Every structure is written in structure tokens, then in C-alpha cells.
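# Summary of structural features
Spelled out from the first residue to the last, the chains are:
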Amino acid sequence: MHPFTYTRVSDTRAALDAGRRGGRYIAGGTTLVDLMRETVERPESLIDISGLPLREVGVTERGGLRIGALVTMAEAAAHPKVRTLHPVISEALELSASAQLRNMATIGGNIMQRTRCTYFRDVTADCNKRVPGSGCAARQGYNRTHAILGTSDACVATHPSDVAVAFAALEARVHLLGPDGARQVPFADFLLRPGRTPDREQALGQGELITTVEIPALPRPLRSGYLKVRDRQSYEFALTSAAVALHVRGGLIREAKVAAGGVGTVPWKLPAVERHLIGERPSEALWAAAAARAADGARPLQHNRFKAELLKRTVERQLRTVGGTK
Ligand code: SF4
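Since we're looking at a predicted model, the values are computed, not measured.

## A closer look at the side chain of R114
Structurally, R114 can be placed in the loop between α7 (107-112) and α8 (137-140). A polar atom in the side chain of R114 sits 3.0 Å from the side chain of E41. With near-sequence residues (within four places) excluded, R114 lies in contact with T31, L35, E41, F120, R121, K129, P160, D199 and E201.

Pasting the structure below:
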């Protein structure tokens, strides 16, 4: 492991000062420490922020849900407000990683986690994300688990988080605090598509911290849920997944929030599917017709052509599970 300095901070000002000087923030460390062991990541300086007061889950005056960046995955999944207001978040978290990891990993760290592309983690392979300009071994290599949406010539890696798919569907906002003060970023703008710079993954400035993820209030009643399709039933990343939330009133779908995971370089919002649903009456035919739009724009690679059809079936099944039929 590359040598590094370690500083533990207990207040936000000290964290921001250290971050401005170029230190890397660490909390649960479940991704970063692994990558440091493999020398994929070589930070000179770590700032342990796990003691900062960012561990609250609460409801805003307008009925939105706020989850502190240092709330662990296990705490968030089990929290009564999360389970009641947005079961899709609890389900996505509970289908992620192992119980041990969920006890350590934080919400902020989860959405910051890096790709599971095997070439990214193999320091002998060409990888534009790890070494800009070196090439992309996955494009000509084995790419069964890679992305079919949002890809670029430079990178085709998926974003691995499940809960980020739920956040994308629910149009969360990420609250940030940095040397220049606080700001909010829509979740859709926080995680970046690779373009020509796949090494830049988040819209974070130097020294900025995630403080909270906020889910805006949505009309009630709202039913939601998460479906994850994977090669084995536990401790595995998604081949495809679907986060769905539906508000049905008077027999018609008034609000639809849908996003997919395992298929995009970022959690993939599905506005064409949502538009197809709104104003319609739940039915088997509607779920199939809406889900048929899920893979619009897909650009499969040699080994992952199956993902386009699997994605449509995943979305259709989850629409049926959440929306039922009348
Ligand atoms: Fe690297 Fe992205 Fe290519 Fe994987 S897909 S090898 S992360 S550039």
C-alpha cells in the first residue's frame, strides 16, 4: 500500500480545511481501503470524517426526506421514516453488499463508490478511468457486465450503487458543503457520464463534502419498490435493476418515477417510460408498453447484448409489482 497520512477530524471546519489542502475524505472506507490495498487508489492524505455530525434521518417541513451522509446503509434501510415514505430506498439498500458492509458503509460513500469494472481494478490493464489517456480494455475485452447506456469511446463502466438508482428515480438532491459554502445539486447532475473524462465521476469541487441526500416531497399515496436482477442471489452487483414509484389516484397514474441500474454509466432515469405511464390506467398492457421504452438509445457491446431485453423485462416486472393491475 502506498504511504499516506491519516487525520481524524471532529468538526466540519477542520474537515473542510484539510480537504482544501488536497486530503481525501474517508468514512466507512469499504471501497477506498480496498482500492488502496490494490494500489488502484494512492491518496497521500486521508481525512477521517466519520465523527462529523451528519448521521440524522429526518423529514423536512414540506414532507421531504433527509438522510445524513454518514448514516450507514444498515441504519438508513431500517429507519422507520425511510421504510414508510420510500420503501424503494430500503429495498435497494438491503439488496446491496453484505450485512457487514452495510453496517460500515455510509450513504455518502455509497453514491461515491467507484466502478466494479475488473479492468479498473487491474493495475496492469489499460483504463482511462484509472490512468487518463491509457485506453479502455473493456471495449475489446470481456464486457458482459458493462453499460449499454450513457457510454463513451473512453469508458463503458457501470455505476455500481443500488440506492443511487432509487435516488435517481425519486429525483433526490445532494447537499454539499465546501470552502465556498453550501450548495445543492440535483442527483441527475451529481454523478457524471464518462464523456472524454471518465476519471471525473462527480460534480464535486476541491474539498467539498456531501452532507445530506434529500428526497423531495411526493404526492401520497405513493407505492414504491426496487427489483435487482443478478447472477446470484446475494452479494452481487446488478445486471439490471429497476426503481419504481407510482402515485395512483382516481384509478389513474398521476406520478411515475422510474430509473434503472446495472445498465448505465450512471443510474439511468427513464423519462420515456414515465411519460408513457402518466395519465393512464394501470393494466398489464400498459406495463408492457411503457417498459418497451426502457432501453431506448442503448448501445450494447459484444458480450452484453442481452441487457437491453433483460432491462425491459425487469422494468415491466417491477411496474407490475408496484402498480398491480385493476
Ligand atoms: Fe476503465 Fe471504464 Fe474501460 Fe473499465 S470501462 S477499463 S473503468 S475506462
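## Focus: the site of the ligand
By nearness alone, 15 residues border the ligand, and C117, C127, C136, C155 and V156 come closest of all. When its residues are assigned to classes, the shell around the ligand shows 11 nonpolar, two polar and two charged.

## Remarks on the sheet that holds strand β1 (residues 5-8)
Spatially, three strands are ordered β1-β3-β2 in an open sheet, and the strand pairing comes out parallel. In this open sheet, the two edge strands, each paired with only one partner strand, are β1 and β2 (24-26). Between one strand axis and the next, the sheet turns through 30° on average, direction left out of account. Summarising the sheet, β2 and strand β3 (residues 45-48) pair through three bridges and their orientation is parallel. Directly across from I26, in β3, lies its bridge partner D48.

## Points about the packing of aromatic side chains
What the rule picks out here adds up to one aromatic pair. Between the aromatic rings of F167 and F187, the centroid separation amounts to 5.8 Å while the plane-to-plane angle is 70°, which identifies the pairing as edge-to-face. Of this pair, F167 sits in helix α9 (residues 163-169) while F187 sits in helix α10 (residues 187-190), and the two are 20 residues apart along the sequence. Both residues of the pair, F167 and F187, belong to the buried class.

## A word on the domain arrangement of the protein
Looking at the assigned domains, one finds that the protein contains domain 1 (1-53) and domain 2 (223-323). Taken over C-alpha atoms, the centre of domain 1 sits 36 Å from the centre of domain 2.

## Some details on the side chain of E201
Here E201 lies in the loop between α10 and β8 (209-215). Residue classification places E201 among the buried residues on the basis of a relative accessible area of 13%. Separated by 3.1 Å, the side chains of E201 and R114 make a polar contact. Within the local environment of E201, its side chain forms a polar contact with the side chain of K129, the two groups lying 2.9 Å apart. Beyond its immediate stretch of four places on either side in the chain, E201 contacts R114, K129, F190, L191 and L192.

## Description of the pairing of strand β11 (residues 252-261)
Where a strand is regular, its side chains alternate between the two sheet faces. Counting buried positions over the 10 residues of β11 gives seven, a clear majority of the element. When strand β10 (residues 240-249) meets β11, the two strands line up antiparallel, connected through nine bridges. Bridging across to β11, R249 finds its partner in L252. Counting the residues that bridge the hairpin from β10 to β11 gives two residues, and of these G250 lies at a positive phi of roughly 60°. Bridge count between β11 and strand β12 (residues 268-269): two bridges; the pairing is antiparallel. Each bridged residue has a counterpart across the sheet, and for A259 the counterpart in β12 is K269.

## Quick word on the pattern of salt bridges
Where charged atoms from two side chains of opposite charge come close, those side chains can pair. All told, the structure shown has 22 salt bridges when counted by the stated rule. Residues E41 and R114 are paired through a salt bridge, measuring 3.0 Å at the closest nitrogen-oxygen approach. Residue E41 is located in the loop between α2 (32-37) and β3, and its partner R114 is located in the loop between α7 and α8; the two are separated by 73 residues in the primary sequence. Overall, the relative accessible area of 8% leaves E41 in the buried class. A relative accessible area of 13% places R114 in the buried class. Counted as one network, the salt bridges with shared partners bring together R24, E41, R114, K129 and E201.

## Observations regarding the pairing of strand β7 (residues 181-186)
Pairing geometry for strand β6 (residues 173-178) and β7, over six bridges, is antiparallel. When the bridges of β7 are listed, G178 appears paired with G181. The turn joining β6 and β7, which pair antiparallel and follow one another in sequence, is formed by two residues.

## Things to note about the UniProt feature "domain: FAD-binding PCMH-type" (unreviewed entry) in the protein
UniProt annotation of "domain: FAD-binding PCMH-type" (unreviewed entry) refers to residues 1-220 when read in the numbering used here. Overall, residues 1-220 shows 28% helix and 17% strand. The separation of its end C-alpha atoms is 51 Å.

## A closer look at a nonpolar patch on the surface
Among the surface-exposed residues, M1, F4 and Y6 lie close enough to one another that they form a single nonpolar patch of about 320 Å² accessible area. For F4, the position within the fold is in the segment before β1. What makes F4 partly exposed here is its relative accessible area of 33%.

Thresholds applied
- Residues numbered from 1 in each chain as written.
- Predicted model: local features only at pLDDT ≥ 70, side-chain atom pairs only at ≥ 80, totals over all residues.
- Heavy atoms only, no water.
- Helix = DSSP H or I, 4+ residues; strand = E, 2+ residues; numbered from the N terminus.
- Polar contact = N/O pair within 3.5 Å; in protein donor to acceptor, adjacent residues only side chain to side chain.
- Contact = heavy atoms within 4.5 Å.
- Near = heavy atom within 4 Å.
- Nonpolar A, V, L, I, M, F, W, Y, C, P; charged D, E, K, R; others polar.
- Pairing = 2+ DSSP bridges.
- Axes fitted to C-alpha atoms, helices over the stretch in contact; angles between N-to-C directions.
- Phe/Tyr/Trp six-rings, centres within 6.5 Å; stacked < 30°, edge-to-face > 60°.
- Buried < 20%, exposed > 50% of the residue type's maximum accessible area, 1.4 Å probe, protein only.
- Domains from an automatic or database assignment.
- Salt bridge = Lys/Arg side-chain N within 4 Å of Asp/Glu carboxyl O.
- UniProt positions renumbered as here; feature names shortened; annotations may be inferred.
- Patch = residues over 30% accessible without salt bridge, like charges linked within 9 Å, V, L, I, M, F, W, Y side chains within 5 Å.
- Areas by Shrake-Rupley, 256 points an atom, 1.4 Å probe, with all protein chains shown as cover.

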